[in-house]
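Geometric and topological summary
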Amino acid sequence: MTTTAEPTTTEIGKSRVRKEDARLIAGRSRYTDSITPPGTLHIAVVRTTLARATITSIDKSEAEKSPGVHGVYTAADLGAEAVGMPCAWPVTPDQKAPQRPVLGIGRVSFSGEGVAVVVARSMAEAKDAAELVEVDYDPQDAILDMEAASKDGADLVHPDLGTNVSATWQFDSKAMGTGDSVDDAIKEAESDPDSIVVRRRFRQQRLIPAFMEPRSCVVDPTGEQITIWSATQVPHILRTMTTVTLGIPESKLRVIAPDVGGGFGGKIGVLPEEMLCVLLAQKLGKPVKWTETRSESMLTAHHGRDQIQDLTITAKKDGTITGLDVHLLADMGSYLGLVGPGVPILGAFMFNAIYKIPALKFTCSNVFTNKTLTDAYRGAGRPEATFGIERMMDELAVELGRDPMELREQNWISHEEFPFTTVAGLTYDTGNYEQATARAMELFDYAGLRREQEERKRSGDPVQLGIGISTFTEMCGLAPSRVLGSLDYGAGGWEAASIRMLATGKVEVITGASAHGQGHETAFSQIVADQLGVPFEDVEILHGDTQVSPKGLDTYGSRSLVVGGIAIVNAAEKVVAKAKKIAAHLLEASEDDLEFANGTFTVKGTDKGKAIQEIAFATFMAHDYPEDMEPSLDSDAVFDPENFSYPHGTHLAAMEVDTDTGRVTLRNYVCVDDIGNVINPLIVEGQVHGGLAQGIAQALFEEANYDEQGTLVNATFVDYTIPSAADLPSFTTESMSTAATSNKLGVKGVGEAGTIASTPAIVNGVLDAIRHLGVTEIEMPTTSQRVWRALQVAKGGNPMETPSDTHSPGAGLGSIDPNNPKGEVL
Amino acid sequence: MTQVRVTVDGVNYADEVEPRLLLAQYLRETLGKTGTLIGCDTSNCGACTVHLNGRSVKSCSVLAVQADGGEVTTIEGLARDGQLHPVQEAFRECHGLQCGYCTPGMIMAAVDLLGDNPDPTEHEVREGIEGNLCRCTGYQNIVRSVQSAAKNMKPGAVAQNAPVAGGGN
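Predicted model only: the values in this text are computed from it and were never measured.

Each value, and the rule that gives it
- Along each chain, residue indices are assigned from 1 in the same order as the chain's sequence is written.
- Here the convention is simple: chains get letters from A, ligands get numbers from 1, in the order in which they are written.
- Reporting of local features is limited, given that this is a predicted model, to residues whose pLDDT is at least 70; pairs of side-chain atoms are given and counted only at 80 or more, and all residues count toward the totals for whole chains, interfaces and linings.
- Only hydrogens and water are set aside; all other atoms, that is, all heavy atoms of the structure, feed into the side-chain values.
- Pairing between strands is defined by DSSP: at least two bridges between them are needed.
- Strands are runs of DSSP state E lasting at least 2 residues, helices are runs of H or I lasting at least 4, and numbering of each runs from the N terminus.
- Axis lines are fitted through C-alpha atoms, for helices just across the contact stretch, and the angle between N-to-C directions can take any value from 0 to 180 degrees.
- Only heavy atoms enter the contact rule, under which two residues are in contact if any of them lie within 4.5 Å.
- When two parts are put together, the accessible area they lose, computed with a 1.4 Å probe and summed over both, is reported as buried area.
- A carboxyl oxygen of Asp or Glu within 4 Å of a side-chain nitrogen of Lys or Arg is what we treat as a salt bridge.
- Polar contacts, as used here, are pairs of N or O atoms within 3.5 Å; protein pairs need one atom able to donate a hydrogen and one able to accept it. Residues neighboring in sequence count only if both atoms are side-chain atoms.
- Residue classes follow a fixed rule: Ala, Val, Leu, Ile, Met, Phe, Trp, Tyr, Cys and Pro count as nonpolar, while Asp, Glu, Lys and Arg count as charged, and any other residue, Gly among them, counts as polar.
- The source of the domain bounds is an automatic or database domain assignment.
- When the centres of two rings from Phe, Tyr and Trp lie within 6.5 Å, Trp using its six-membered ring, the rings pair. Their planes under 30 degrees apart give stacked, over 60 give edge-to-face, and anything left gives tilted.
- Partly exposed residues are those whose accessible area sits between 20% and 50% of the maximum for their type, while under 20% is buried and over 50% is exposed, using a 1.4 Å probe and protein chains only.
- The rule for a charge over a ring is simple: NZ of Lys or CZ of Arg within 6 Å of the ring centre, and within 35 degrees of the ring normal.

Thoughts on the sheet that holds strand E20 (residues 507-511) of chain A
Residue and element names in this part refer to chain A. With respect to topology, four strands assemble into an open sheet ordered E21-E20-E19-E25, the strand pairing being mixed. Because the sheet does not close on itself, it has two edges, and the strands there are strand E21 (539-542) and strand E25 (635-639). Across this sheet, the average inter-strand angle for adjacent strands is 20 degrees, counted without regard to direction. Of the pairings in the sheet, the one linking strand E19 (residues 495-501) to E20 comprises five bridges and is antiparallel in character.

Take a look at the structure:
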């Protein structure tokens, strides 16, 4: 059943401008690098430029003599040879996990890995001295191709593991009892003249999260508790993992995530540099600080995506899908990140997307290479899955000669069918794909653009038009703890909240969801203002400091509102219940005779009443309160969701491709998203815009490129091309709402939607523009060069037959195809 | 060490600095002007944008000594008499920021842009702030912020303090 929610409250649904902004627009910010306690020492990490080598010697003597240097240390010097960075997600019982040292011990496994650390009075002195550390290596050939690395007999990234395959994880709907057998579906389709089998290989290129604030960490050991400030998404997890990694009791650690300048999953890790700062601060008894440069960040902060997807879809020739077989290779890089192995696994449940697919099999092998490790990046596993299925739907439509939207509609879950249990075993509570699609097509003028497309085809216009579709869903609100347990994840998925009613009627709300740009302070204030009937301005949201907010699981996976927000609602309900008892006592009425509305308890049928602020003051005074309770309204709650939430939406992209130059232009982008009830439309719109930009950037602009030595060749913002304002158009975004039934607010989450949905819409659009010219596939990013080459090859031409200056060095960025630097004929 | 005399946000300073010290580092580390942020090593991101003698510069690509005798305005000195600059106001009203890290530089660049072009089209805004990167907003609300500020800064616009625009002089 699907419902459309009516707003019944005063703050929820209002486009409040953000509380956070007053400080940030005035430069009154506190990012980690701006924190420097007196006496702080600075560290610089000596990093290898080789992807795979044994260390033959490290000579620290010149560096140690350098001015201002307090010490130069290797892992052995710090007694940290046995320390290994944590991986919290053993996806299989036999998962192979190498020790990930704080500094390379005897060997290095990716370009950028640290081998020593310099501690000095200033950052400049530390960096000067780091240049003087002489490290000798015996280099070996880097292992870079995940497919070759996964084969038997391949050269090994970690010889002691005996294989480069960390784990192979499988989901089979037949074995799980959630659907039919894919193997049978393929066999049947192959022998049935009324069926079709479509096989495709897609590449999910490697991306760099590229948050704007470089990572930074300050550790102050001068108090009874060691204080760690870090530019992290996960202060609570960092505290626990510091204990797990270094053995320092959790009660002796305080972690603060102050203002954090973006994360997108990229700040979900626990870092060797954070552990180095703790070890060095303990050793030297002084505050220690590390702030990375941008190129350090690009080289060593975890990357995202990087999969090879082999997909097989089977269908009746009438368009009914009968099965989907998914084979993934996922490049882990050289080590396992905190949740890296689980990222591709999250996609297992999303490949069937919004479609009624009777049989699903998902097999994923996680593979080691000599590259930077991969882990969560906005969407984490779900963008990859959505790309795979939405590209396949277009491919199937092409093979069957059907309109791609019509084919989708034929197979998607209709709005009457909710709640719907999918072949992956998830129960989608609500949604209305027809409504979102109808609205998006209307805003987009789908029919009109199809006519224009035909006209341009007919006239042979050098600029062809393509229409890209993505009708996506995602699983949000990570996560029901029991589900995480069944996936062998090393933590739960609950979130905690506390509410303190102050004597003066002001309200402090403590959340374990630690924001880094999402606007929690504003949205959570709106929720609490409605729940308690207090002014929005009277609510203060406290977060990101384990001494203030001792319990939490932090911010990722579109969970803050869907899980953290519900914990806040539950805590508020407890506050109201306590206040009601005291109000009844003071008003000399029965609790049953009291009503609570707009912040006031009223005796039904009278004008007798007390505001919640009055109750708060009376409770503080404690002169007169019921004997069977404590004089406190303060309340805690921990919310563990029973189900994920399932936002969905229809995204449409009008892509223009100049067939003479290969230039791709995003002319128009329309999306209609159902994210359930909306707390703050302004914030939602901002999340969608930013998400779209990142998803579109994957399709059009970004890729982390390694050369054959295993060096990341675009490790700066000069050549890792995150989009600027001039690269993007304005988007038309709308939301509609079918309220989630899995939580009290009816919310579904929005942080990742735009990124998950948009990538396949763009690529489907590019191919739709030039498919009639014979182009069937272009790897991402679909740069002008790649599109132009694909067009030449489709024409039977030679992409080398071009004016020489087009490809000559110095012809500008993008003139050299990184996957084909020598310009070989494809 | 070299002496540098500079006025920053209305205060005069005289300091001995290493010749290699960047203006961004001087502002943050010597003067405590931590409102100005650093996001890259290659002058691409623009997070460190300030005004030097009325024009926007990326303070990571200016040496502190090059600012000798000059006047610097940072994000912390943009408000006048407790009144936010119209561009600052517009960023808040139009949700032109999320994590806030690009914001100081973005605002300083936008103020300079509006000094040169008080009524930019969407395209002109997008081109004009191309040197400042943002990873959160997708730029749409930043563009809206700059255009909204432009409207509010026009002569005769309601209830505005005197706009402080760089450039054009």
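Description of the interface of chain B and chain A
Listed by partner, the interface residues are 42 residues for chain B and 52 residues for chain A. Both faces combined, the contact of chain B with chain A buries some 3900 Å², and carbon together with sulfur accounts for 55% of it. When the buried surface of chain B facing chain A is broken down by residue, Arg92, Arg135 and Gln140 of chain B rank first, second and third, together holding 21% of it. The residue Asp128 of chain A makes a salt bridge to Arg20 of chain B at a minimum N-O spacing of 2.7 Å. At the surface where chain B touches chain A, the tally comes to 26 residue pairs in polar contact (both at pLDDT 80 or more). No other element matches the four residues that helix H2 (residues 86-93) of chain B contributes to the side of chain B that touches chain A. Partitioned by chemical class, the residues of the side of chain B that touches chain A number 16 nonpolar, 14 polar and twelve charged.

Examining the domain arrangement of chain B
All names here are of chain B. Domain boundaries assigned for chain B yield domain 1 (2-76) and domain 2 (86-153). Relative placement of domain 1 and domain 2: their C-alpha centres are 21 Å apart. Taken residue by residue, the interface counts 18 residues in domain 1 and 14 residues in domain 2. For the pair domain 1 and domain 2, the summed buried surface comes to about 1200 Å²; carbon and sulfur atoms form 56% of the total. Interface area lost by domain 1 to domain 2 is led by Leu37, His51 and Ile75, which between them contribute 37%. If you look at where domain 1 meets domain 2, you find two salt bridges. Notably, a salt bridge pairs Asp112 with Arg55, separated by 3.2 Å at the nearest N-O pair. One can count nine residue pairs in polar contact (both at pLDDT 80 or more) joining domain 1 with domain 2.

Topic: the packing of aromatic side chains
Residue and element names in this part refer to chain A. Counted according to the given criterion, the structure contains 14 aromatic pairs over all chains. Here the aromatic rings of Phe171 and Phe349 are separated by 6.0 Å at their centres, their planes lie at 65 degrees, and the arrangement is edge-to-face. Remark: Phe349 occurs in the loop between helix H10 (343-346) and strand E15 (360-368) and Phe171 occurs in strand E7 (residues 165-172); sequence separation between them is 178 residues. Phe349 shares its class with Phe171; the two are buried. The rings of Trp169, Phe171, Phe349, Phe351 and Phe362 are connected pair by pair, giving a single aromatic cluster. When the ring centre of Phe536 is taken as reference, the NZ or CZ atom of Arg16 above it lies at 4.0 Å. Cation over ring: Lys551 sits above Trp494, and NZ or CZ is 4.8 Å from the ring centre.

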